[in-house]
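Results of the structural survey
The chain contents come next:
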Amino acid sequence: MTEAGLVPTEVTCYDDMNMLDYGIGFTNVCTRATKGAAELTRKEMKAGSAVMLDKIRKYKPKIAVFNGKGIYEAFIGHKNFSMGKQPQPLSGTDTVVFVMPSSSARCAQLPRAEDKLPFFIALRKLREYLRGERPELADSEVVFNDYTEFRVTQPDPKSLRKAERRRKRKAEAAAAAAAAAMASGEANAQLTLSGTNCSGLLLKAELNHPLGTEACLTGSPCM
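Residues numbered from 1 in each chain as written. Predicted model: local features only at pLDDT ≥ 70, side-chain atom pairs only at ≥ 80, totals over all residues. Heavy atoms only, no water.

1. Re the overall build of the protein
Secondary structure assignment for the protein yields 4 helices and 7 strands. In sequence order, the secondary structure elements of the protein are arranged as α-β-α-β-β-α-β-α-β-β-β. Taking all 223 residues of the protein together, the buried fraction comes to 26%. Surface accessibility of the protein: about 15600 Å² in total, with carbon and sulfur atoms responsible for 54%. (Helix = DSSP H or I, 4+ residues; strand = E, 2+ residues; numbered from the N terminus. Buried < 20%, exposed > 50% of the residue type's maximum accessible area, 1.4 Å probe, protein only. Areas by Shrake-Rupley, 256 points an atom, 1.4 Å probe, with all protein chains shown as cover.)

Written as C-alpha cells, this is what we have:
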C-alpha cells in the first residue's frame with residue numbers, strides 16, 4: 001500500500017486500526033478464522049455477504065475492494081467478471097467495486113507482493129479519480145482482463161521439478177494402461193465370415209478393442 005501511494009507512511013499488519021486515519025477500513029465476509037477460503041461453507045459465505053452489503057449501505061464507502069477473486073465470486077454468485085474495477089456499483093449504493101487478487105502469499109497466480117503492486121496502483125488511481133484529484137481515468141488503467149500478465153516472479157524450481165515428476169508418472173501410467181487394453185483386445189479378437197450372393201466374400205475382424213477398431217477384407221468372387 002505504501003509503494004502504491006495509498007498511504008503516506010510505512011505500515012504493517014499491526015496498523016489495521018490506524019488505517020482509518022487514511023480513510024481505509026477493513027471488514028470480513030466471514031468472521032470465522034480458517035486456513036483458506038475453501039474451508040468456508042456456501043451457507044457461511046451467503047450469510048456473510050448479506051451482512052457485508054448492509055455495512056456498505058450503512059457506511060457508504062466510495063470504493064469496496066474485494067481481496068480475492070474467490071470471495072467476489074461467492075458474493076455475486078458467478079465467475080463472469082474481470083479483475084479490477086467493475087462496470088456497475090453495488091446494488092442499492094453508489095459504491096464502486098474493485099476486485100484484486102488475494103494479498104495472501106498462498107495466491108498461486110500472483111504469490112509475491114510485487115506481483116500485486118499494479119492492482120494497488122490502479123486502486124490509488126481510482127481513488128484519486130473519485131476524489132476529483134484526477135481529471136480522467138481510462139478503463140485500461142483499472143480493469144485487468146488478463147491479470148496473470150503482471151506476474152514478475154518465477155515459479156519455485158523445486159515445485160517445477162515435483163510437477164514434472166508427477167507429469168511423467170501420469171504419462172507412464174496412461175501408456176501402461178493403453179498397452180494392457182490393446183493386448184486384451186488382441187487376445188479377444190474374433191473372426192466372422194459372411195457371403196454376399198456368392199459374388200464375393202467379406203472377411204471382417206471384429207476386435208473387442210477400446211477404440212472399436214474394425215479391419216475389413218474383401219475377397220474375389222467365388223469359384
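2. Some points on unusual backbone geometry
Negative phi is the rule for most residues except glycine; trans is the rule for most peptide bonds. At Lys60, a position not held by glycine, the phi torsion is positive, near 55°. Mapped onto the secondary structure, Lys60 falls in the loop between helix H1 (42-59) and strand S1 (63-67).

3. Quick word on a positive patch on the surface
Among the surface-exposed residues, Arg165, Arg166, Arg169 and Lys170 lie close enough to one another that they form a single positively charged patch. By the secondary structure assignment, Lys170 is in helix H4 (residues 157-187). Take Lys170: its relative accessible area is 64%, and that puts it in the exposed class. (Patch = residues over 30% accessible without salt bridge, like charges linked within 9 Å, V, L, I, M, F, W, Y side chains within 5 Å. Salt bridge = Lys/Arg side-chain N within 4 Å of Asp/Glu carboxyl O. Lys, Arg positive; Asp, Glu negative; His and termini not counted. Charge placed at Lys NZ, Arg CZ, Asp CG, Glu CD.)

4. Looking at the side chain of Thr93
Along the chain, Thr93 falls in the loop between strand S2 (83-85) and strand S3 (96-100). For Thr93, the side chain forms a polar contact with the main-chain oxygen of Leu90, separated by 2.9 Å. Not counting residues up to four positions away in its chain, the partners in contact with Thr93 are Ile56 and Arg57. (Polar contact = N/O pair within 3.5 Å; in protein donor to acceptor, adjacent residues only side chain to side chain. Contact = heavy atoms within 4.5 Å.)

5. Describing helix H2 (residues 69-76)
Burial in H2 covers these residues: Ile71, Tyr72, Glu73 and Phe75. At the C-terminal side of H2, Gly77 shows a positive phi close to 85°.

6. Here's the deal with the packing of aromatic side chains
Two descriptors summarise a pair of aromatic rings, namely the distance from one centre to the other and the angle between the planes of the rings. If you walk through the whole model with that rule in mind, you get 5 aromatic pairs. For the pair Phe119 and Phe144, a centre-to-centre distance of 4.3 Å together with 40° between the ring planes defines the contact as tilted. Here Phe144 lies in strand S4 (residues 143-144) and Phe119 lies in helix H3 (residues 113-130), a separation of 25 residues in the sequence. A connected cluster of aromatic rings, assembled from ring pairs, spans Phe66, Tyr72, Phe75 and Phe81. (Phe/Tyr/Trp six-rings, centres within 6.5 Å; stacked < 30°, edge-to-face > 60°.)

7. With respect to the pattern of salt bridges
Inspection of the entire model under this criterion finds 4 salt bridges. A salt bridge links Arg124 to Glu128; the shortest N-O distance between them is 3.7 Å. Here Glu128 and Arg124 lie together in helix H3, a separation of 4 residues that amounts to about one turn. The pair Arg124 / Glu128 is uniform in exposure class, with both members buried. Measuring nitrogen to oxygen at the nearest pair gives 3.3 Å for the salt bridge that ties Lys125 to Glu141. With Lys125 in helix H3 and Glu141 in the loop between H3 and S4, the pair connects residues that are 16 residues apart, well separated along the chain. Note on Glu141: relative accessible area 28%, which makes it partly exposed.

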